[in-house]
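Descriptive structure summary
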Amino acid sequence: MRHNETYEELAALAALGVLEGEDARSFEAHLAEGCPRCEEIVADLRAASSALAAGAPAVAPRASLRAEILASLEERAPRVAPIRRPSSPAGLAWFLAAAASLVLLFIGLDDARLRREREALERRSAALASRLTAAERDLARKELRVKVLESEDVRILFLSGQGPQPQARAKVFWSEKAKRGVLLAGNLQSLPSDKQYELWVFDKGKPVAAGVFDVDTEGRALFESPDLSVITAAQNFAVTIEPRGGVAAPSGPIVLVGTPAA
Amino acid sequence: MSPEPDRALVARIERRDADALRELYDRYGARLNGLASRILGDTGEAEEVLQEVFLYVWRAASSFDGSRGSVLAWLLVATRSRSIDRLRSRRAGRPGSTRPLEDAPEAASSDDVEGGLAGREWEALCRKAISELPEDQRRALELAYFEGLTQQEIAERTRTPLGTVKTRVRLGLMKLRERIRPYLSEGRDAS
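Throughout, residues of each chain are indexed from 1 in the direction in which the sequence is written. Following the order in which they are written, the chains are lettered starting with A and the ligands numbered starting with 1. Per-residue local features of the predicted model are confined to residues with pLDDT of at least 70, and side-chain atom pairs are confined, for both listing and counting, to 80 or more; whole-chain, interface and lining totals are unaffected and use all residues.

**Focus: the overall build of chain A**
Each helix corresponds to a stretch of at least 4 residues labelled H or I by DSSP, and each strand to a stretch of at least 2 residues labelled E; elements are numbered beginning at the N terminus. Scanning chain A for helices and strands turns up five helices and eight strands. Labels follow a simple rule on C-beta atoms placed from the backbone: if 20 or more others lie within 10 Å of a residue's own, it is buried; if 12 or fewer, it is exposed; otherwise it is partly exposed. Expressed as a percentage of its 262 residues, the buried residues of chain A come to 29%.

**Some thoughts on the interface of chain B and chain A**
Remark: residues whose backbone-derived C-beta atoms lie within 7 Å of one another are considered to be in contact. Facing 59 residues of chain B, the contacting portion of chain A comprises 47 residues. Those elements that provide at least two residues to the side of chain B that touches chain A are α2 (18-40), α3 (43-60), α4 (71-90), α6 (119-131), α7 (135-147), α8 (151-158) and α9 (162-190) of chain B. For the side of chain B that touches chain A, the leading source of residues is α2(B), giving 12 residues. In the side of chain B that touches chain A, the residues fall into 30 nonpolar, 13 polar and 16 charged. In this count, Pro and Cys sit with the nonpolar residues alongside Ala, Val, Leu, Ile, Met, Phe, Trp and Tyr, while Asp, Glu, Lys and Arg are called charged and the others, Gly among them, polar.

**Quick notes on the pairing of strand β7 (residues 234-243) of chain A**
In summary, the side chains of a regular strand alternate between the two faces of the sheet. All names here are of chain A. Counting buried residues along β7, seven of its 10 residues qualify, which places the element largely inside the surrounding structure. Where strand β4 (residues 195-203) lies against β7, nine bridges are found, and the strand directions are antiparallel. By the bridge assignment, Phe 202 is partnered in β7 with Asn 236. Strands are labelled as partners when DSSP assigns at least two bridges between them. Pairing between β7 and strand β8 (residues 254-258): three bridges, direction antiparallel. Each residue of the ladder has a partner; that of Val 239, found in β8, is Leu 256.

**Quick notes on the sheet that holds β8(A)**
Residues and elements named next belong to chain A. Taken in spatial order, the eight strands line up as β5-β4-β7-β8-β1-β2-β3-β6 in an open sheet, and their pairing is antiparallel. The two strands at the open ends of the sheet, each matched to only one other strand, are β5 (206-213) and β6 (221-224). For this sheet, the mean inter-axis angle between neighbouring strands, taken without regard to orientation, is 20°. Simply put, an axis is a line fit to the C-alpha atoms, just over the touching stretch for a helix, and the angle between two N-to-C directions goes from 0 to 180 degrees.

**Some points on the confidence of the model for chain B**
Residue and element names in this part refer to chain B. Per residue, pLDDT measures the predictor's confidence, with a range of 0 to 100. Chain-level statistics for chain B give a pLDDT mean of 78 and a share of 77% at 70 or above. By mean pLDDT, the top-scoring element of chain B is α7 (94), and the lowest-scoring one is helix α5 (residues 113-116) (40). Contacts for the low-pLDDT stretch residues 94-117, under 50 throughout, to residues beyond four places or in other chains number 79 contacts. Predicted confidence is poor over residues 184-191, with pLDDT under 50, and the contacts of this stretch with residues over four places away or in other chains come to 12 contacts. Scored as a whole, the predicted complex attains pTM 0.53, and scored at its interfaces, ipTM 0.78.

Shown next, in the form of structure tokens:
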């Protein structure tokens, strides 16, 4: 659909991240078809929406937070104060030695408690770090998908079902500039666990492996290709069934193939 | 001596300079904490968001694209999207979840917010622009921005037809943009 005022309205909602349902789908499809005007509006209005943050008064964070954040930047080797045994007490110093060992006993107990606490904190921090890494990976993937979908040169190719799976359907959003594609497929059969679907990009008439993917229980898949900078110009796309992990050259049955670009 | 521009700080952070992160925190920590607190209404959780945002900045400073927006806008978007995520997962289970379009890479205009205007002036002009919006537009924008409500939820909350909500959001944002734009270019020319 060509740009019109309805899309401008959706762009404003998208800038705030409050689009949903049919509107969200229709706007995404509109962007995917390439609409620099809408992209500009989203970008512009997103900047304008940051102004709303000024409606929230600044609140000084807890004073120690800054130090905690800076400390968490690098994993530091925990420093444990070594407990030194006193040189053996002699003669008149027995009283002092006894007092010292009593103090050491307390330090020792305290040290064990601190160590347990520290270990618990370390476990918690490791768990949080791994959750953070997963979230960052997820975010990076979403950003990548949007980058492809929003790139100015995005093309959409429709792939239709072949051979064993005539009912399969797919679309590939391909950005020649980004050398990446996003595949959206449906009606695919689920495969035995030792098999996976593999995407191929045809460049100069030859298939180049573009990654493997699985489908969900309803036969759908959303898959972002890796960086395919080896491709000079993508002519067509196809999906085959291959051994899990993928192969370098297609060997299994073709289930989806696109209409080559003119 | 004029303070080091935000972008220079981000470049230093990319080179693992923790002092630059400290400086950025001192500049915007309270502002970002204020935003997260307003959204989450819980100091403890807001501080977790703040921590996440600065760790994200530390690890992903290279993902900041200076041609697409200011550092402050980047930080605000990162803070808002993390806060709204938490808010929405608190309300998990409700139907009609939203599309995470705000996860898009920050694509603010190239207007350099912090380059032309000090943080306080920027804040003052934004407040003024917000206060000049018609009440119903301001309300719709705030429900979306701070509460993460979807268009349908805003319609229900304000007992307004969906079409009207869409129009209010669009008109409100466009007005904000118009009010802020002249200041931005003025600030830029002056710098």
